[in-house]
Amino acid sequence: MDLNDIRDAFDHVAKKQKLSYSKSQDIVDQIGHEIEQALISIQLAQESQKSILTELMLKLNAIGALQQLEGSQKELNISVTKYQKLLDKLLYPDISKVYRTADYDAHVVNQILANHFYHQGLFDVGDSIMKEAGEPEATALRSLFLEMHQILEAMRVKNIQPALTWVSANREKLVQNGFNLEFRIHRLQFIELLRNGNRADALKYARTYLAPFASLQENEFQKLMGCLLYSGRVENSPYPELVSPSNWTEITEELNRQFCTLFGQSYKSPLSVAMAAGFEGLPTLLKLANVMAVKKHEWQSMKQLPVPLELGKEFHFHSIFVCPVSRDQCSEENPPMLLPCYHVLCKQSIMRLSKSSAQVFKCPYCPAVATVANCRQLYF
């Protein structure tokens, strides 16, 4: 949903409110000034009180406070009304119309909610949900995420030991996946020692922990050794990016990502991803629900949306293949099949093509002939 129009309208209302306030304040100041002048004249008895009050009344009438305040307030009210109409148009106050009755497994839902909070490090909230729902005290993933957050919290205070312990225990898997977290963590500690002016300690640390990576990380190792000349002032070295605080943040996020990957978990909470995808697809669903308002039964029983639901690339987790013959989207029951000529059709299309020719059929896109047996399933 594009919120630029809402933001612009809000800025316009805020501007009108500031102008209205400023104008009202000016009018109040003018009235206050005239009253103060009248009081001073009365105290000095320069004229009769009646003439002073009469003159004050004329000045107040000339200011026209009521008319000016009403005009300013009217302009503000018009802007607020337009803003409210825009909100009603772009933000739907009632989204229940897209709700569809579905059977949910309460146990699974409770597990998803609890695991979401464990994923976020909110263990007390997750435990409370499980307790109130009458579920076991902890899910299988609780201890896993607890270990992860203990490592991440230690990294945020620049304590690398828990992270190194975990990386060492999983070194083979991380190396197989092409990650050099161990070297990058030691590099952080080495730079931290240099930044504090501990050249001797930094050199000792490099010999103990960085030297084993010298042949694998030759360029990086040379940079780090060059930084020894700038102990206490690494920011003035040719490599000032090495002292950027963002380096700690990046490694912490990478640890989070690799921890989840190694144990088959999503880097982002599945619940938060599902919610975000739902928010993005909500406008399309609301339009469809409005169109089908007179067909409530069809909406509830519909198994597939009649319109495409476009989501951002961050929600694309695998490729989607649509058969060029049947125009059907492939699924587990109807997977894509690779022909010997390297064209791809869905399984149902192949079966229809081969039915009348004893399992032998011609590719619809080239002269090649194939059989069902020599077609290979691509995925699912």
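Preceding this section is the structure that the text describes.
These figures come from a predicted structure and were not determined experimentally.

The rules behind these values
Residues numbered from 1 in each chain as written. Predicted model: local features only at pLDDT ≥ 70, side-chain atom pairs only at ≥ 80, totals over all residues. Heavy atoms only, no water. Core = buried A, V, L, I, M, F, W, Y, C linked by side-chain atoms within 4.5 Å. Buried < 20%, exposed > 50% of the residue type's maximum accessible area, 1.4 Å probe, protein only. Helix = DSSP H or I, 4+ residues; strand = E, 2+ residues; numbered from the N terminus. Phe/Tyr/Trp six-rings, centres within 6.5 Å; stacked < 30°, edge-to-face > 60°. Salt bridge = Lys/Arg side-chain N within 4 Å of Asp/Glu carboxyl O. Axes fitted to C-alpha atoms, helices over the stretch in contact; angles between N-to-C directions. Parallel < 35°, antiparallel > 145°, perpendicular 65-115°, else oblique. Left-handed = near helix turned anticlockwise from the far one by under 90°. Contact = heavy atoms within 4.5 Å. Nonpolar A, V, L, I, M, F, W, Y, C, P; charged D, E, K, R; others polar. Polar contact = N/O pair within 3.5 Å; in protein donor to acceptor, adjacent residues only side chain to side chain. Patch = residues over 30% accessible without salt bridge, like charges linked within 9 Å, V, L, I, M, F, W, Y side chains within 5 Å. Areas by Shrake-Rupley, 256 points an atom, 1.4 Å probe, with all protein chains shown as cover.

Asker: What is the right way to look at the nonpolar core in this model?
Answerer: If you look at soluble globular proteins, the nonpolar side chains tend to sit buried side by side. Met155, Trp166, Ile185, Phe190 and Leu255 are the most contacted members of the largest nonpolar core, which totals 42 residues. Mapped onto this core, the elements with two or more residues apiece are helix H4 (106-119), helix H5 (123-132), helix H6 (142-156), helix H7 (161-169), helix H9 (181-195), helix H10 (199-210), helix H11 (218-226) and helix H12 (246-262). It is H9 that provides the largest number of residues to this core, a total of 8 residues. Formed by 12 residues, the second largest nonpolar core is a distinct cluster that contains Cys330, Met337, Leu339 and Cys366.

Asker: Looking at this model, I keep getting lost on the packing of aromatic side chains. Mind explaining?
Answerer: Centre distance and the angle of the planes are the two values used to describe a pair of aromatic rings. Considering all chains together, one arrives at 6 aromatic pairs under this definition. Ring geometry for Trp166 and Phe259: centres 4.9 Å apart, planes at 25°, overall stacked. With Trp166 in helix H7 and Phe259 in helix H12, this pair connects stretches of sequence that are 93 residues apart. A residue is classified by how much of its surface remains accessible, and Trp166, at 4% relative accessible area, is buried. Assessed through its relative accessible area of 3%, Phe259 is described here as buried. Ring centres of Tyr205 and Tyr209 lie 4.6 Å apart, and the angle between their planes is 45°; this geometry places the pair in the tilted category. Of this pair, Tyr205 and Tyr209 both sit in helix H10, 4 residues apart, which is roughly one turn of that helix. According to the relative accessible area criterion, Tyr205 is buried, its value standing at 12%. Following the ring pairs from residue to residue traces out a cluster consisting of Trp166, Phe259 and Phe263.

Asker: Just to check I follow, could you spell out the pattern of salt bridges for this structure?
Answerer: Side chains that carry opposite charge are capable of pairing whenever their charged atoms lie near each other. Tallied over the entire structure, the rule returns 10 salt bridges. Here Glu75 and Lys16 are joined by a salt bridge, their closest N and O atoms 3.7 Å apart. Highlighted residues: Glu75 in helix H3 (residues 65-90) and Lys16 in helix H1 (residues 4-44), separated in sequence by 59 residues. Residue Glu75 is classed as partly exposed on the basis of its relative accessible area of 45%. For Glu192, the salt bridge goes to Arg195, with nearest N and O atoms at 2.8 Å. Placement of both Glu192 and Arg195 in helix H9 is noted, with a separation of 3 residues, approximately one turn of the helix. With relative accessibility at 37%, the residue Arg195 sits in the partly exposed group. Put simply, Glu34, Glu55 and Lys59 are held in one network by salt bridges that share partners.

Asker: I would appreciate a short explanation of the packing of H7 against H9 in the present structure.
Answerer: Describing two packed helices takes the angle between their axes plus the distance from one axis to the other. Remark: H7 packs on H9, axes separated minimally by 10 Å, with the N-to-C direction vectors making an angle of 160°. Between H7 and H9, the interaxial angle falls into the category roughly antiparallel. For the pair H7 and H9, the sense of crossing is left-handed. Between H7, through Ala163, Leu164, Val167 and Ser168, and H9, the contact on the second element is made entirely by Leu181, Glu182, Ile185 and His186. A per-class count over the contact of H7 with H9 returns 5 nonpolar, 2 polar and 1 charged.

Asker: Hey, could you run me through the environment of Lys362 in this one?
Answerer: Relative to the helices and strands, Lys362 resides in strand E3 (residues 360-362). Residues Lys362 and Ala200, spaced 162 residues apart in sequence, show a C-alpha to C-alpha distance of 75 Å. Apart from the residues lying within four places of it in its own chain, the contact partners of Lys362 are Pro367, Ala368 and Val369. Here the side chain of Lys362 touches Cys366 through a polar contact of 3.2 Å, landing on its backbone oxygen.

Asker: Help me understand a nonpolar patch on the surface in this model?
Answerer: Residues Tyr104, Val109 and Leu113 make up a contiguous nonpolar surface patch of about 280 Å² in total accessible area. Position of Tyr104 relative to the elements: it lies in the loop between H3 and H4.

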